[in-house]
Amino acid sequence: MILTVTMNPSVDISYPLETLKLDTVNRVSTVSKTPGGKGLNVTRVLSEVGEDVVATGLVGGKLGDFIKEKLDQAKIGNQFFDIRGDTRNCIAILHEGLQTEILEAGPSIAPDEATAFLQHFKELSKDFDVIAISGSLPTGLPSDYYATVISLANANQTKVVLDCSGQALQDVLDQSEKPFVIKPNTEELAQLVGREVTDDIEDLKATLNQDLFNGIEWIIVSLGAKGAFAKHGDKFYRVRIPKIEVVNPVGSGDSTVAGIASALVQGFSDADLLKRANVLGMLNAQEEMTGHVNMSNYETLFNQIQVEEV
């Protein structure tokens, strides 16, 4: 079983417009409202590929109720912790081939809520094989909060897939309790090591061999259209992916996380784990909806991905 953690979820609202007109009224005929946030994108994809998944995190108010209702309707398990603040809206205006986003900051989490969620997570997480933690921390939570969450999961010997960036990721790497998998891109790696990181194999090897990353079983570096580079234990892999027609790349990283979590639960080999992760990311990019995959194209893409130990 897989548990997903979304600490700052949202209701994602999509407004498609032929043209966005400023300083006047814009009317939309079609509106979509879906549970959003990186962790809930991961949840949706895991459900679509048939994994037994439960979502948790922090929700509040009518929008929090909306998220739970939508997941219930989709028959996706969820055990959120209710807070006093209101869950946020995130608006995407799709116009003239562009996407303009308006993102609310979200609620501020009180100290007693932060402590209570840790207890909620401690009890809930005992029943899961893999935990996927994704996205930013809401206001009110310390930047090392994920490090505390990971220590609770590690106490149960549960494999944690962490997808976050900035100070939250730095604080995790500075602690003794490490996640099983992290999934940075080269820009995020550069922030961590304080220098530019390229997609050169030797440069990536040297970067991932730094002491900062000791204790992490898997490091999977996204290289965008160029595929990925990965370190598992003392082995390095170069992943090459076929060229595809991209419709909407938003959520592809979350779909990749879903693939990693799924492959860990299924006990896939290194090569098949990397292929599954990248296929799901590519399948998401081929769809208009964020956090959605069409599995009818899975085998074709899976067989085109090349994984080479380097």
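Residues numbered from 1 in each chain as written. Predicted model: local features only at pLDDT ≥ 70, side-chain atom pairs only at ≥ 80, totals over all residues. Heavy atoms only, no water.

Quick look at the sheet that holds strand β2 (residues 10-17) now. Spatial ordering of the open sheet is given by β3-β2-β7-β8, a layout of four strands whose pairing is mixed. Edge positions in the sheet fall to β3 (32-36) and β8 (98-103), since each has one partner strand and no second. This sheet shows a mean twist of 25° between the axes of neighbouring strands, independent of strand direction. As judged from the eight bridges shared by β2 and strand β7 (residues 88-95), these two strands associate in the parallel manner. When the bridges of β7 are listed, V11 appears paired with N89. The strands touched by helix α2 (residues 61-73) are β2, β3 and β7; relative to β3, the strand with the most contacts, the crossing angle is about 90°. (Pairing = 2+ DSSP bridges. Helix = DSSP H or I, 4+ residues; strand = E, 2+ residues; numbered from the N terminus. Axes fitted to C-alpha atoms, helices over the stretch in contact; angles between N-to-C directions. Contact = heavy atoms within 4.5 Å.)

Glancing now at the pattern of salt bridges. When the charged atoms of two side chains with opposite charge come close together, those side chains can pair. In total, this model carries ten salt bridges according to the counting rule given. The salt bridge involving R84 is made with E113; its shortest N-O contact spans 3.8 Å. One end of the pair, R84, is in the loop between β6 (81-82) and β7; the other, E113, is in helix α3 (residues 111-124), and 29 residues separate them in sequence. With relative accessibility at 59%, the residue R84 sits in the exposed group. Residue R240 is joined to E308 by a salt bridge in which the shortest nitrogen-to-oxygen separation is 3.4 Å. With R240 in strand β14 (residues 235-240) and E308 in strand β15 (residues 306-309), this residue pair connects regions lying 68 residues apart in the sequence. Under the relative-accessibility criterion, R240 is labelled partly exposed at 36%. We classify E308 as partly exposed; its relative accessible area is 42%. One network of salt bridges, with partners in common, ties together K38, D163 and D254. (Salt bridge = Lys/Arg side-chain N within 4 Å of Asp/Glu carboxyl O. Buried < 20%, exposed > 50% of the residue type's maximum accessible area, 1.4 Å probe, protein only.)

This part covers the environment of D211. For D211, the location among the structural elements is in the loop between α7 (201-208) and β12 (218-222). As a C-alpha pair, D211 and L173 span 38 residues in sequence and 9.7 Å in three-dimensional space.

As a further point, take the state of the cysteines. Going through the model one piece at a time under the given rule, you end up with zero disulfides. With no disulfide of its own, C90 lies closest to C164 among cysteine sulfurs, the gap being 18 Å. On the basis of relative accessible area, C164 is assigned to the buried category, the value being 9%. (Disulfide = S-S within 2.5 Å.)

For the rest of this paragraph, the subject is the UniProt feature "domain: Carbohydrate kinase PfkB" (unreviewed entry) in the protein chain. Feature annotation in UniProt assigns "domain: Carbohydrate kinase PfkB" (unreviewed entry) to the following positions: residues 7-291. Taken end to end, residues 7-291 has its terminal C-alpha atoms 17 Å apart, with 36% of it in helix and 23% in strand. (UniProt positions renumbered as here; feature names shortened; annotations may be inferred.)

Even without a glycine there, the phi angle at D23 is positive, about 60°. Mapping D23 onto the fold places it in the loop between β2 and β3. Positive phi outside glycine occurs at Q157, with the angle close to 55°. Residue class for Q157 comes out exposed when judged on its relative accessible area of 74%.

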